[in-house]
Amino acid sequence: MTILRNEKGFIKLAFYTALLAFIIYTGIQFGMPYYRHSAFKSDVKEIARISLGDAERTKVQVMDSAEGYGIPLDENNVKVVKKEKTTQVKASWSENVDILGVYQKMLNFEIDIEE
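Peer 1: Looking at this model, I keep getting lost on a negative patch on the surface. Mind explaining?
Peer 2: Residues D54, E56, D74 and E75 make up a contiguous surface patch of negative charge. Relative to the elements of secondary structure, D54 occurs in the loop between α1 (7–50) and α2 (55–69).

Now the structure itself:
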């Protein structure tokens, strides 16, 4: 353990450990909205595929799914259109990613599924 034998070695280890922790934190902060988008899109695809009722019932199911994932989806940003043999679902929302109060980035998501 020659790296910890002097003060300079410990500072270097502490710096790299803090840098690694910051990179992991930032990755999680940016990764979670994209994960929620992907999982929600998969759920909406299933909802559209098995929708039997009217468009309003499908819209309620989509809103419930969004609430389950913690997606800030407004009812005005969800459109469900029943066609002859398919159902089309469009939704859009934005999420703000905040990195330690220093850097903020608005991420915009949109899904357009026809099953």
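Peer 1: I keep staring at unusual backbone geometry and nothing clicks. Help me out?
Peer 2: Among all residues save glycine, negative phi is the norm, and among peptide bonds the norm is trans. Residues other than glycine seldom take positive phi values, yet L100 does so here, at roughly 55 degrees. Mapping L100 onto the fold places it in the loop between β2 (87–99) and β3 (103–114). Take L100: its relative accessible area is 57%, and that puts it in the exposed class.

Peer 1: Even after reading the chapter, I still don't get the packing of aromatic side chains, so can you show me in this structure?
Peer 2: Two descriptors summarise a pair of aromatic rings, namely the distance from one centre to the other and the angle between the planes of the rings. Summed over the entire model, instances satisfying the criterion amount to four aromatic pairs. For the pair F15 and Y16, a centre-to-centre distance of 5.5 Å together with 65 degrees between the ring planes defines the contact as edge-to-face. Taken together, the ring pairs in this structure connect Y34, F40, W93 and F109 into an aromatic cluster.

Peer 1: What am I meant to see in α2 here?
Peer 2: Each α-helix turn comprises 3.6 residues. Residues three or four places apart therefore point the same way. In a regular helix each residue adds 1.5 Å, so 15 residues correspond to 21 Å; α2 covers 21 Å between its end C-alpha atoms and thus fits that length. Among all positions in α2, only T58, K59, V62, M63, S65 and A66 are buried. For α2, the angular spread of the buried residues around the axis is 160 degrees, confining them to a single face. Counted as exposed and oriented over 90 degrees from the buried face of α2: R57, E67 and G68. Just downstream of α2 lies G70, where phi reads positive at about 75 degrees.

Peer 1: Looking at this model, I keep getting lost on the pairing of β3. Mind explaining?
Peer 2: Where a strand is regular, its side chains alternate between the two sheet faces. Note that β2 and β3 share twelve bridges and pair antiparallel. Opposite S94, over in β3, you have N108 as the bridge partner. Between β2 and β3, which pair antiparallel one after the other, the connecting turn spans three residues, and L100 there sits at a positive phi close to 55 degrees.

Peer 1: I would appreciate a short explanation of the environment of E110 in the present structure.
Peer 2: Within the element layout of this structure, E110 appears in strand β3. With 92 residues separating them along the chain, E110 and A18 place their C-alpha atoms 35 Å apart. Excluding anything up to four places from it in sequence, E110 contacts H37, A91 and S92.

Calculation rules
- Every chain is numbered on its own, with residues counted from 1 as its sequence reads.
- Only residues with pLDDT of at least 70 get local features here, since the model is predicted, and only at 80 or more are side-chain atom pairs given and counted; chain-wide, interface and lining totals rely on the full set of residues.
- Computation of side-chain values covers all heavy atoms of the structure but excludes hydrogens and water.
- What goes into a patch is any residue over 30% in relative accessible area without a salt bridge, connected to like charges within 9 Å or, for nonpolar side chains (Val, Leu, Ile, Met, Phe, Trp, Tyr), within 5 Å.
- We get accessible surface area from the Shrake-Rupley algorithm with a probe of 1.4 Å; when it comes to residues, only the shown protein chains can shield them.
- The term salt bridge refers to a side-chain nitrogen of Lys or Arg lying within 4 Å of a carboxyl oxygen of Asp or Glu.
- The convention is simple: Lys and Arg are positive, Asp and Glu are negative, and His and the chain ends are not counted.
- Charged side chains are reduced to one point each, which is NZ for Lys, CZ for Arg, CG for Asp and CD for Glu.
- Put simply, DSSP H or I for four residues or longer makes a helix, DSSP E for two residues or longer makes a strand, and each gets a number counted from the N terminus.
- Only protein chains enter the calculation, and the probe is 1.4 Å; a residue is then buried if its accessible area is under 20% of its type maximum, exposed if over 50%, and partly exposed in between.
- Between the rings of Phe, Tyr and Trp (Trp by its six-membered ring), a pair exists once the centres lie within 6.5 Å; its type follows the angle of the planes, with under 30 degrees stacked, over 60 edge-to-face, and the other angles tilted.
- Each helix should span, by expectation, one fewer than its residue count multiplied by 1.5 Å.
- Throughout, the arc means the angular range of directions from the helix axis out to the C-beta atoms.
- Pairing between strands requires that DSSP locate at least two bridges from one strand to the other.
- Contact between two residues is taken to exist if any of their heavy atoms lie within 4.5 Å; hydrogens are not considered.

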